[in-house]
Each structure stands twice: as C-alpha cells, then as structure tokens.
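Take a look at the letters that make up each chain.
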Amino acid sequence: VQLQASGGGLVQAGGSLRLSCAASGRTLSSYGMGWFRLAPGKEREFVAAISWSAKRTRYADSVKGRFTISRDNAKNTVYLQMISLKPEDTAVYYCAAAEGYSDYALSSGTNYDYWGQGTLVTVSS
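A brief structural summary. (Residues numbered from 1 in each chain as written. Predicted model: local features only at pLDDT ≥ 70, side-chain atom pairs only at ≥ 80, totals over all residues. Heavy atoms only, no water.)

## Regarding the sheet that holds strand 7 (residues 67-72)
Across a sheet, paired strands are connected by hydrogen bonds in the backbone, their directions being either parallel or antiparallel. The line we're drawing: Think of it this way: DSSP has to see at least two bridges between two strands before they count as a pair. Helix numbering and strand numbering both begin at the N terminus, where a helix is a DSSP run of H or I of at least 4 residues and a strand a DSSP run of E of at least 2. Orientation is described by axes fitted as lines to C-alpha atoms, over the contacting stretch for helices, and by angles from 0 to 180 degrees between their N-to-C directions.
One open sheet holds the four strands; their spatial order is 1-3-8-7, and the pairing between them is antiparallel. The open sheet has two free edges, formed respectively by strand 1 (2-6) and strand 7, since each of these has just one partner strand. Ignoring which end each strand starts from, the neighbouring axes of this sheet average 15 degrees apart. Here strand 3 (residues 17-24) runs beside strand 8 (residues 77-82); their pairing, made up of six bridges, is antiparallel. Within the sheet, the bridge partner assigned to C21 lies in strand 8 and is V78.

Written out as structure tokens, the structure reads:
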C-alpha cells in the first residue's frame, strides 16, 4: 500500500490544519492507521491512531483534546484534524499503516509496515 500525506503548511499559534493521508494500491480495511511526527532534534513521536472501524482511537497526551483522528474507508483516507496548534507541534507528520491490526489503535511505530512521505507542519508563535 502507498500512502500520500498532505495538508501541512504554515499556521500561527492557535490556528488549525487538517492533514489527509490517501492510500492507494490496497484498501485500508485490513489496516490500523496512525499518525506520527518528527521534529528537529527529537525522536519520532506517536500522535494518534485509529482502528479500521474507528471504534478505537488513541492519542498522545500532548495532543489530547486538540487533535482528532478519523477515517473514511470509502475514500481510503485517514485524517488528522488539528486545532489550537502550538509552536511545539511543528514537525513533519507521517501517516502509517499497520497490516493485520485493523481492530487496533497502535502507538508503537514498530507495529507499522507502511509509511507515507510526510507533510511539514510549521506553527509560528
């Protein structure tokens, strides 16, 4: 499966963005999906995850209440709605797919088999 992330950009603190992750090659019905981010000088960080049915979601403490992960299986797309953005949210955001974990919302990057190319989010203060 190929993943294409988009929607990043430059936004002021307090602003909002919605990231999209479009999949091609295979349907996402067999995959749990997640978003991770990588900021300069930091390790990759889990952001949010969602099961295929969307019954299970999981968020990093740092984004709870501000970010919402969702998916549209008919469009083979996963979204990350981000509000109340902070400068510390600045990072390259990656979407990822975990094959065989459709009923799970996984926070460990090691469980993910496919990764998108990343989209840059910059939050200015």
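## A short note on the state of the cysteines
Our working definition: Here, a disulfide means two cysteine sulfur atoms that sit within 2.5 Å of each other. For every residue, the accessible area (1.4 Å probe, protein chains only) is compared with the maximum for its type, and the residue is labelled buried under 20%, exposed over 50%, or partly exposed between those bounds.
Per the counting criterion, the structure on display carries one disulfide. With a sulfur-sulfur separation of 2.1 Å, C21 is cross-linked through a disulfide to C95. The sign of the 65 degrees torsion about the S-S bond sets the C21-C95 disulfide as right-handed. Pair noted here: C21 is in strand 3 and C95 is in strand 9 (residues 91-99), with a separation of 74 residues, a long-range link. Overall, the relative accessible area of 0% leaves C95 in the buried class.

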